[in-house]
Every structure is written in structure tokens, then in C-alpha cells.
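# Topology and contacts: notes
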Amino acid sequence: MNAQLPAPPARIVVIEDDPMVRQYVSAIINDAPELELVALAPDLSTGRSFIAHNPDLFLMDIGLPDGSGYDLVPEIKAGCDARALILSSFGDRDTVVRALQAGADGYLLKDSTPQQILDGIATTLDGGAPVSPSAAIYLLDYLRS
């Protein structure tokens, strides 16, 4: 008899400087049994320290007090097997393109609904590349030019 064990929850690190957004995203993740919030970081330097823990996904802001979230993406890719999903209020063309060029696996805007955030996390963990519709407009515009 082959009993299939349930998959362990995906381990998530959130890097976000705004305490209200951190709390909002934490609640979304904590309510999802398939996800485990393993760390909250208010800045890049704290978030950087969690690369060694090899989480499954970093969900990160771009505008952080000690730098930009997309600057951390290459370090994440070099230091562990985690995926990197941007969650930002910046939806302009240059920011979206720069984050994706840095190696981000997806780009969601902070005005995404809780379900859109969960879907984006799941898609990223499954190897997909979620992009918020308004950010996708800038990406398409960039590719067309």
C-alpha cells in the first residue's frame, strides 16, 4: 500500500518595509495551509540573511530603506534555489523591466487582491511567471519598442 504524504508547505520569506503591508501579506500567507511564513524582513540586509535558509520563495518589495529589492534578486539566484516574486506599488515600465531583467520570477502590484497574491505565489512556485495586468502593459510596451 502506497500512502501519499502531503507535501510540506512552501517556505516563504517576505521582505517589506511598510509594517501594514507586511502584516497584510503575512495574514494572507498564514491563512494558506500550503504556505509557511518563515521570515519577515523590513529591509534588504535582513532579507539577505535568509538566503542561507534556502526558502522556496522570496516575496519582496522594490522600494526598501537600504536599497532596491531587485538588487537582491541575483544574490538569491546565486545563493539558493528560491524563486523571487516582486510585490510592489511601482508599476512603471522601467521598474517592471528592470526587475524582470534582474531575474525576478514574477511581478505583482500591491493593489492585487489576496487571491491574486496567492495565485501569484502558487504560479511562481510552479515555475510560472505571474505579472499583474497593469505591469504587463509596460512589459509589452517595452518589448514592442
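Residues numbered from 1 in each chain as written. Predicted model: local features only at pLDDT ≥ 70, side-chain atom pairs only at ≥ 80, totals over all residues. Heavy atoms only, no water.

## Things to note about the side chain of S88
The topology assignment puts S88 in strand 6 (residues 83-88). When near neighbours in sequence (up to four residues on either side) are disregarded, S88 contacts D61, I62, Y107, L108, L109 and K110. (Helix = DSSP H or I, 4+ residues; strand = E, 2+ residues; numbered from the N terminus. Contact = heavy atoms within 4.5 Å.)

## With respect to the packing of helix 4 (residues 93-101) against helix 6 (residues 133-144)
It is the contact of helix 4 with helix 6, at a shortest axis distance of 9 Å, that shows an interaxial angle of 80°. Our classification of the angle between helix 4 and helix 6 gives roughly perpendicular. Facing R93, V96, V97, L100 and Q101 of helix 4, the residues of helix 6 in contact are A135, Y138, L139, D141 and Y142. A breakdown of the residues in the contact of helix 4 with helix 6 according to their chemical character gives seven nonpolar, one polar and two charged. (Axes fitted to C-alpha atoms, helices over the stretch in contact; angles between N-to-C directions. Parallel < 35°, antiparallel > 145°, perpendicular 65-115°, else oblique. Nonpolar A, V, L, I, M, F, W, Y, C, P; charged D, E, K, R; others polar.)

## Observations regarding helix 1 (residues 19-30)
Between its first and last C-alpha atoms helix 1 spans 16 Å; for 12 residues at 1.5 Å apiece the expected length is 16 Å, and the two agree. Of the positions making up helix 1, those classed as buried are V21, R22, V25, S26, I28 and I29. The buried residues of helix 1 occupy one face: seen down the axis, they fall within an arc of 160°. Along helix 1, the residues that are exposed and aim more than 90 degrees away from the buried face are P19, M20, Q23 and N30. On its buried face, helix 1 is in contact with strand 1 (10-15), strand 2 (35-41), strand 3 (57-60), strand 6 and helix 5 (114-125). Sitting at the head of helix 1, D18 places a side-chain oxygen 2.8 Å from the backbone nitrogen of M20. (Expected span 1.5 Å × (residues − 1). Buried < 20%, exposed > 50% of the residue type's maximum accessible area, 1.4 Å probe, protein only. Arc of directions from axis to C-beta. Polar contact = N/O pair within 3.5 Å; in protein donor to acceptor, adjacent residues only side chain to side chain.)

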